[in-house]
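Structure assessment
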Amino acid sequence: PMFACNKTKLPAKHFRISTGHLQSARPVLRVMATGSEARQLVAGVRDWNDRVKELLNLPAPHYVVFSADLDETTHLPWCPDCVRALPAIKEVVGSAGGSLLEVRVGPKPEWKDPQHPFRHDPVLQLKGIPTFFHWGADGKPGKAISSTLEQAANAEEAAKVVEAFVKETRG
């Protein structure tokens, strides 16, 4: 079998398939590329702290992106800014030899709730998605970008923003 990934068809031997659950009871099918791309983790609101610990055991540099849940109809994030930015984030972090945790903030109504836990987290204080953090070896978030990703007019602009951020933060 073949899988399409960013408009590129790759043989199935390059992928690992597993199932799991995010914050809801909805099952999630994860298709992760093997090799350098396999350093990408996915978490939800409830399990993201545990996944950060896993992230820190993977090769540095470490990055965390807060993104939207997948829409059940399109199977893409419900947030158009996330749709533009996520492919570039995944590709650039993988190319840099780093590791990435994608934290999905929940369905749109949950994220839009002013009481969402990520909005009130004393360290994160998320205001928008996507928000892309460089995560320190000490387990704490470092520098982040958000509004520049939201303002990117297309995927190419988002890729340039991500490339500059990773170049600046990878050490």
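My aim in this report is to walk through the structure given alongside it, one point at a time. In this text, all values refer to a predicted model and were calculated from it rather than measured experimentally.

1. A few points about the overall build of the protein
Check the secondary structure of the protein and you find 6 helices and 9 strands. Across the 171 residues that make up the protein, the buried fraction comes to 43%. When contacts within the protein are restricted to residue pairs at least 6 apart in sequence, those whose partners lie at least 24 apart make up 52%. Element-wise, carbon and sulfur atoms account for 54% of the exposed surface of the protein, whose accessible area totals about 9,400 Å².

2. Describing helix α2 (residues 80–95)
Between the first and last C-alpha of α2 there are 24 Å, a value that for 16 residues agrees with the 22 Å anticipated at 1.5 Å per step. Of all the bends in α2, the greatest reaches close to 30° and is centred on Leu 86; the proline Pro 87 follows between one and four positions later. For α2, the complete set of buried residues consists of Asp 81, Cys 82, Ala 85, Leu 86, Ala 88, Ile 89, Val 92, Val 93 and Gly 94.

3. A few points about the nonpolar core
Counting residues in each nonpolar core, the largest one holds 40 residues, and the members touching the most others are Trp 48, Phe 66, Ile 89, Phe 118, Ile 129 and Phe 132. Of all elements in the fold, only β5 (40–43), α1 (48–55), β6 (62–67), α2, β7 (99–104), β8 (131–135) and α6 (155–169) reach the threshold of two or more residues within this core. For this core, the leading source of residues is α2, giving 7 residues. Among all residues touching Ile 129, those that are not within four sequence positions of it are Phe 66, Ser 67, Ala 68, Trp 78, Cys 79, Asp 81, Cys 82, Val 105, Trp 111 and Glu 150.

4. As for the pairing of β6
The buried fraction of β6 is high, at 6 of 6 residues. The alternating pattern of β6 places His 62, Val 64 and Phe 66 on one face and Tyr 63, Val 65 and Ser 67 on the opposite face, and all of these are buried. Bridge count for β6 against β7 is 6 bridges, and the pairing is parallel. If you follow His 62 over to β7, its bridge partner there is Ser 99. Assessed by its sense of winding, the connection that carries the chain from β6 through α2 to β7 is right-handed. Where β6 meets β8, 5 bridges bridge the pair, whose relative direction is antiparallel. If you follow Tyr 63 over to β8, its bridge partner there is His 134.

What counts and what doesn't
- Residues numbered from 1 in each chain as written.
- Predicted model: local features only at pLDDT ≥ 70, side-chain atom pairs only at ≥ 80, totals over all residues.
- Heavy atoms only, no water.
- Helix = DSSP H or I, 4+ residues; strand = E, 2+ residues; numbered from the N terminus.
- Buried < 20%, exposed > 50% of the residue type's maximum accessible area, 1.4 Å probe, protein only.
- Contact = heavy atoms within 4.5 Å.
- Areas by Shrake-Rupley, 256 points an atom, 1.4 Å probe, with all protein chains shown as cover.
- Expected span 1.5 Å × (residues − 1).
- Bend = angle between axes of the 7 residues up to and from the residue.
- Core = buried A, V, L, I, M, F, W, Y, C linked by side-chain atoms within 4.5 Å.
- Pairing = 2+ DSSP bridges.
- Right-handed = clockwise from strand over helix to strand, strands pointing away.

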